[in-house]
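Per-entry structural report
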Amino acid sequence: MAIHASLLTPVRFAVAAVLAAVLSVTCAFRAVVHAAPPAPDSVSLSESTIIWSTVKYATDAENGLVSGSLDANTIVDHTFKTYVLENRYLKVTLVPEFGGRIVSIIYKPTGHEQLYRTQVGVPYGMKGGTFYYDWLMVYGGIFPTFPDAEHGKTWLKPWDFKVVKESAGEVTVSMSLKDDFAYSAAPRKFRPGSTGIEATSTITLKADRVALDVRVVLQNPWDKPIDYEYWTCTTLAPGSDPKNPKATGGAEIIAPIQAYSTPRWSANLADGDESVGPGQSRFEKLRFFRNWPTLGIAYAAPDMQGGNFWGVINHDNEEGIIRIADNAVTPGLKMWTWGFPSFTNETDARKDPTPQRPYVELWAGVSDQFFHSARFPALGRVSVPETYSPTVGMSNVTHANENILINLSAEAASVHLQFFSIEPARPLRVTLKQGDRVLFDAAVNADPRNGNRISAAIPAGLSGGQVQLTIRTAEGDELIAAEAKIK
């Protein structure tokens, strides 16, 4: 069960081999509430529909926008077939027929949406030479983009849907598409013709698991190397009203990076941050959506540097959505918003349809920036594993894996831990140490509604060095380990 926070009287922990040698440690922690275990969880798969509104437009057989067809004064509805995966914690909606996307992740303990979804789609960028079809329209969610930059070729294409596994303990489905098509009028900066790359996005939801597990597999069918780009695009708005998801002034980009760069046309984004070298700025103020003066692009510089997570936390309610992945495969991180005025100046989408809406768009790429190609080996296979986990009760993430997300910090007098378990029903043991000295060691039940917070005092005279954290199962299996330098 959840651990409910309250500040308790000092507790003394014995850390010596005999009772005569006792170290006094003051800790503040959540009292464990013992209750009957919850009923067994299960996963379901169902079919439904979703209605998406857009302004009126028409496309030709190659998906180009028909000249003169755009009517911004008329709103039309499009009905898509959806597939819904659901367990105790998550309700996940997929739309295969428009870009093979995950369009909604609702975290049921709070009832809030984690992903952005446009209320009224508006084509933009027409004849600008920016996008593959010479136009674009945002819908939202999480979706694969390939084999080119700037949303690629597949964002509006129907993907083939398949049920891979369906049981009470797990539902796995796939969406797949082959790049065997081309747009004859694509701008010159995009690759001509088709690459033949085959992409399959496999989505898994398991019982008693808060996170959604995704694996995108790309296949090069040719016996020669080819150049390509692959990016996972995510539009994030955690902690939102499901009927009107959007980022607010409390949104912060969470990423373990030190610096970023911008294209020349987005250089003004860096005005508020310190320069750390030619073309690079310290990733500090731009973490916060409220500090984006206008639309633009920022890239992790030089790339993710091995960091295995990124996402957004909404500090208005301390809810977040974090992508955990092997970023040796996807080292590129591209960040985009329309600028904070898209929130402060927001208008009624049906009365004033515009693409400039408040959300945070984060991308994971096999290369470091758009239009920087990667090399796909002959007959090669690229596998991109991703885990998407909501968070609650966390103001930051310092370490993460497929089991636990944590925020660990330490100062001269105390160490502070926030954590969120991806399998909340599993009992845990949390241990905080400084060298051989135990600061906290107790059984803890994860709280999926509020998250968990633990504070432990560092005895006087023991400042400096590192604090070590280990979280294990009740059986002793290690789930995550981390260190924090004492400031």
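This text follows the structure it describes.
Residues numbered from 1 in each chain as written. Predicted model: local features only at pLDDT ≥ 70, side-chain atom pairs only at ≥ 80, totals over all residues. Heavy atoms only, no water.

What the protein chain contains, in helices and strands, is one helix and 35 strands. Scaling as 2.2 N^0.38, a compact globule of 487 residues should have a C-alpha radius of gyration of about 23 Å, and the protein chain matches this with 24 Å. Along the first, second and third principal axes, the C-alpha atoms of the protein chain reach 85 × 55 × 55 Å. Of all 487 residues assigned to the protein chain, the portion counted as buried reaches 55%. (Helix = DSSP H or I, 4+ residues; strand = E, 2+ residues; numbered from the N terminus. Rg over C-alpha atoms; globule rule 2.2 N^0.38 Å. Buried < 20%, exposed > 50% of the residue type's maximum accessible area, 1.4 Å probe, protein only.)

Turning our eyes to something else, we now look at the packing of aromatic side chains. Each aromatic ring pair is described using two quantities: the centre-to-centre distance and the angle formed by the ring planes. Counted by the stated rule, this structure contains 29 aromatic pairs. Taken together, a centroid distance of 6.3 Å and an interplanar angle of 55° make the contact between Tyr132 and Tyr183 tilted. Here Tyr132, found in the loop between β9 (120–121) and β10 (142–145), pairs with Tyr183, found in the loop between β12 (170–178) and β13 (198–206); they are 51 residues apart in sequence, far enough to count as distant. On the basis of an interplanar angle of 85° and a centroid distance of 5.0 Å, the ring pair of Trp231 and Phe370 is categorised as edge-to-face. Here Phe370 lies in the loop between β25 (360–365) and β26 (374–376) and Trp231 lies in strand β16 (residues 231–240), a separation of 139 residues in the sequence. Overall, Trp231 belongs to the buried group, its relative accessible area being 0%. Using a relative accessible area of 6% as the deciding quantity, one classes Phe370 as buried. One aromatic cluster is present, formed by Trp52, Tyr57, Phe80, Phe98, Trp135, Tyr139 and Trp155 through successive ring pairs. Just above the ring of Phe181 sits the side chain of Lys153; from NZ or CZ to the centre is 4.9 Å. The lysine or arginine in question, Arg290, covers the ring of Phe288, its NZ or CZ lying 4.5 Å from the ring centre. (Phe/Tyr/Trp six-rings, centres within 6.5 Å; stacked < 30°, edge-to-face > 60°. Lys NZ or Arg CZ within 6 Å of the ring centre and 35° of its normal.)

Spatial ordering of the open sheet is given by β11-β12-β13-β14-β27-β23-β22-β17, a layout of eight strands whose pairing is antiparallel. Edge positions in the open sheet fall to β11 (160–166) and β17 (251–254), since each of these has one partner strand only. Between one strand and the next, the sheet's axes are offset by a mean angle of 15°, whatever the strand orientation. (Pairing = 2+ DSSP bridges. Axes fitted to C-alpha atoms, helices over the stretch in contact; angles between N-to-C directions.)

If you walk across this open sheet you meet the four strands as β32-β31-β34-β35, and the pairing is antiparallel. The two strands at the open ends of the sheet, each matched to only one other strand, are β32 (437–444) and β35 (478–485). Averaged over all neighbouring strand pairs, the angle between strand axes comes to 10°, with direction disregarded. Judged from the six bridges that link them, strand β31 (residues 428–434) and strand β34 (residues 466–473) form a sheet pairing that is antiparallel. When the sheet's bridge partners are listed, Thr431 is paired in β34 with Thr470.

Attention now moves to the pairing of strand β24 (residues 332–337). The buried count for β24 comes to six of six residues, which makes it a mostly enclosed element. Here β24 shows two buried faces, one formed by Gly332, Lys334 and Trp336 and the other by Leu333, Met335 and Thr337. Of the strand pairs in this sheet, strand β21 (residues 296–300) and β24 are connected by four bridges, and their pairing is antiparallel. By the bridge assignment for β24, Ala298 is matched with Met335. Summarising the sheet, β24 and β25 pair through five bridges and their orientation is antiparallel. In the sheet register, Met335 faces β25, and the bridge partner there is Leu362.

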